[in-house]
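Spelled out, the chains give:
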Amino acid sequence: MFKTLKCDINAIFDRDPAADNLLEVILSYSGLHALLFHRFSHWLYKKGLHTIPRLISQFARFMTGIEIHPGAEIGCGFFIDHGMGVVIGETAEIGDNVTLFQGVTLGGTGKERGKRHPTIGNNVVVGAGAKVLGSITIGNDAKVGAGSVVLKDVAENSTVVGIPGRVVSRDGRKVHPERDLEHADLPDPIKDKLSELEEEFLKLKKEIITKDSFEDVG
């Protein structure tokens with residue numbers, strides 16, 4: 001457990017430029033606090049206990065604003081930035097070195113039983129306010145844009161944005177590695193489509209003006 005804790009703390013220093021020193025991180029990072037509560041409650045949950053882990057989870061939610069079900073599987077190097085409003089469901093599985101921003105939901109889509117929450121691969125970044133719902137898989141090294149609603153699998157090394165979430169090919173809209181956490185640099189398919197419509201409108205307008213000019217001359 002101490003090895004995992006060290007991994008989680010290192011993740012904060014690696015991904016948050018505001019992290020100044022170890023004492024500050026231990027005392028003031030709500031994402032780390034919620035994760036510590038979860039590590040303990042998950043250990044109890046795996047021992048067959050349910051009520052006590054749920055109580056610990058609810059206490060952690062009250063203290064941090066982050067709700068993680070004790071049944072969720074979370075790998076090493078997990079980082080919740082800011083954290084308020086994050087919800088992680090019971091059957092969610094999260095790989096190593098994953099980053100979630102505030103308001104993220106890893107939830108279900110109904111009252112189905114069994115595996116009903118997402119599986120998140122390694123090195124995934126999920127932007128603020130994004131909703132990843134259902135028993136779907138987000139592949140390794142994928143990125144989910146802020147505010148997206150993802151309901152289908154996302155392949156490795158892909159970026160998904162929009163409502164509903166659309167995967168944008170790396171070949172079509174390459175995202176530079178240094179911009180992994182820069183939400184403003186993520187591709188916007190809705191904006192691209194509007195730009196295409198604007199171009200078509202201007203083309204038609206030009207054709208109409210040309211036609212009217214020709215008729216006036218005639």
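As recorded in an unreviewed UniProt entry, the protein chain goes by the name Serine acetyltransferase. The heading Catalytic activity (unreviewed entry) in the UniProt record of the protein chain holds the text "L-serine + acetyl-CoA = O-acetyl-L-serine + CoA". What UniProt states about the protein chain under its Pathway (unreviewed entry) heading is, verbatim, "Amino-acid biosynthesis; L-cysteine biosynthesis; L-cysteine from L-serine: step 1/2."

Colleague: I keep staring at the overall build of the protein chain and nothing clicks. Help me out?
Modeller: When helices and strands are tallied, the protein chain shows 5 helices and 15 strands. Counting over 218 residues, the protein chain shows a buried share of 40%. Within the protein chain, residue pairs in contact and separated by at least 24 positions form 35% of the contacts whose partners lie at least 6 positions apart. About 12800 Å² of surface is accessible on the protein chain, with carbon and sulfur atoms providing 57% of the total.

Colleague: I tried to follow the pattern of salt bridges on my own but got confused; where do I start?
Modeller: Side chains that carry opposite charge are capable of pairing whenever their charged atoms lie near each other. Counted according to the given criterion, the structure contains 5 salt bridges. Across the pair E73 and K46 runs a salt bridge, and its minimum N-O distance is 3.4 Å. Here E73 is found in strand β2 (residues 73–74), whereas its partner K46 is found in helix α3 (residues 30–46), with 27 residues between them in sequence. Looking at K46, the relative accessible area reads 57%, which means it is exposed. Taking the shortest distance from any N to any O, the salt bridge between E90 and R116 comes out at 2.6 Å.

Colleague: What's the story with helix α4 (residues 51–64) in this structure? I'm lost.
Modeller: Because each turn of an α-helix spans 3.6 residues, side chains separated by three or four positions in sequence point in the same direction. When the terminal C-alpha atoms of α4 are compared, their 20 Å separation across 14 residues agrees well with the 20 Å that a helix rising 1.5 Å per residue should span. Residues of α4 that are buried include every one of P53, I56, S57, A60 and T64, and no others. Taken down its axis, α4 places every buried residue within 100° of arc, on the same side. In α4, those exposed residues whose orientation departs by more than 90 degrees from the buried face are T51, L55 and F62. For α4, the elements touching its buried residues are α3 and β1 (67–68). Just downstream of α4 lies G65, where phi reads positive at about 80°.

Colleague: What is the right way to read the state of the cysteines from this model?
Modeller: As used here, a disulfide is simply a covalent bond connecting the sulfur atoms of two cysteines. For the structure shown, the criterion picks out 1 disulfide. There is a disulfide in this structure between C7 and C76, and the S-S distance comes to 1.8 Å. On the criterion of sequence distance, the pair formed by C7 in helix α1 (residues 2–15) and C76 in the loop between β2 and β3 (79–80) is long-range, its members being 69 residues apart.

What counts and what doesn't
- Residues numbered from 1 in each chain as written.
- Predicted model: local features only at pLDDT ≥ 70, side-chain atom pairs only at ≥ 80, totals over all residues.
- Heavy atoms only, no water.
- UniProt positions renumbered as here; feature names shortened; annotations may be inferred.
- Helix = DSSP H or I, 4+ residues; strand = E, 2+ residues; numbered from the N terminus.
- Buried < 20%, exposed > 50% of the residue type's maximum accessible area, 1.4 Å probe, protein only.
- Contact = heavy atoms within 4.5 Å.
- Areas by Shrake-Rupley, 256 points an atom, 1.4 Å probe, with all protein chains shown as cover.
- Salt bridge = Lys/Arg side-chain N within 4 Å of Asp/Glu carboxyl O.
- Expected span 1.5 Å × (residues − 1).
- Arc of directions from axis to C-beta.
- Disulfide = S-S within 2.5 Å.

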